[in-house]
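In case you want the letters, here they are:
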Amino acid sequence: MTKQTTDETTTVKLTNKDKQLLVLLQENARESNASLARKMGVSRATVQERIQRLENANIIQGYSVKINPQKIPRNIEAIVMVLAENKSFKETFLDLEKMPSIQSIHSLSGEWDWSIFVSAPTLEDFHKCITEINELAGIRSTVSHIIMKTGLDRKQPLLIVE
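Analysis parameters
Sequence order as written defines residue numbering, which begins from 1 separately in each chain. Note on the predicted model: pLDDT of at least 70 is required for a residue's local features to be given, and 80 or more for side-chain atom pairs to be given and counted; whole-chain, interface and lining totals, by contrast, use all residues. As a rule here, side-chain values come from all non-hydrogen atoms in the structure, and water together with hydrogens is ignored. Starting at the N terminus, helices and strands are each numbered in turn, a helix being any DSSP run of H or I of at least four residues and a strand any DSSP run of E of at least two. Partly exposed residues are those whose accessible area sits between 20% and 50% of the maximum for their type, while under 20% is buried and over 50% is exposed, using a 1.4 Å probe and protein chains only. The pairing test for Phe, Tyr and Trp rings, Trp by its six-membered ring, is centres within 6.5 Å, and the orientation test on the planes gives stacked under 30 degrees, edge-to-face over 60, and tilted for anything in between. Should DSSP find at least two bridges between two strands, the strands are regarded as paired.

A. Expanded view of the environment of E111. Summarising the element assignment, E111 is placed in the loop between β2 (102-107) and β3 (114-120). Note on E111: relative accessible area 64%, which makes it exposed. Linking E111 and V82, residues 29 residues apart in sequence, is a C-alpha distance of 9.4 Å.

Here it is, written out as structure tokens:
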């Protein structure tokens, strides 16, 4: 069986049942197809087909584990605002992508070019990461905001089921 995927620029039309399925999978990706089918009021085969179609369209890109941060030692986490030099914007971004402590990079409008989420095991490692960022060619300035507490963490896009 050949897996067909949709290219990155193709937009897929989602039905309300597709959105409902995605919401249920975001809540519990390990839930059985039979249980999902009961909740959605469709057959198990329909759920399997929809999941396969959403995977092939690259809407479902994988499945992950949500770890309770209260049960494991906490990393130093911070949001780092970055102002870059225009002449080396792309090269600097590629250098940032290679740093393992950097978990995400968001391009911004406004005063700052990027918002970077950094997670390091110790304060020393965090300092090393910030130093590496500031030493990159193309970085004009940074401002770090250490995260003291997370009140809400919704990593997945919110889907509205009509």
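B. Geometry of the packing of aromatic side chains. Following the criterion strictly, the structure yields two aromatic pairs and no others. With 5.8 Å between their ring centres and 50 degrees between their planes, F93 and W114 make a pair best called tilted. Here F93 is found in helix α4 (residues 89-97), whereas its partner W114 is found in strand β3, with 21 residues between them in sequence. One aromatic cluster in this structure is built from F89, F93 and W114.

C. Spatial organisation of the pairing of β2. Summarising the sheet, β2 and β3 pair through five bridges and their orientation is antiparallel. Following the sheet pairing, S104 is matched in β3 by F117. In sequence, β2 turns back onto β3 through a hairpin of six residues, with G110 there showing a positive phi of about 100 degrees.

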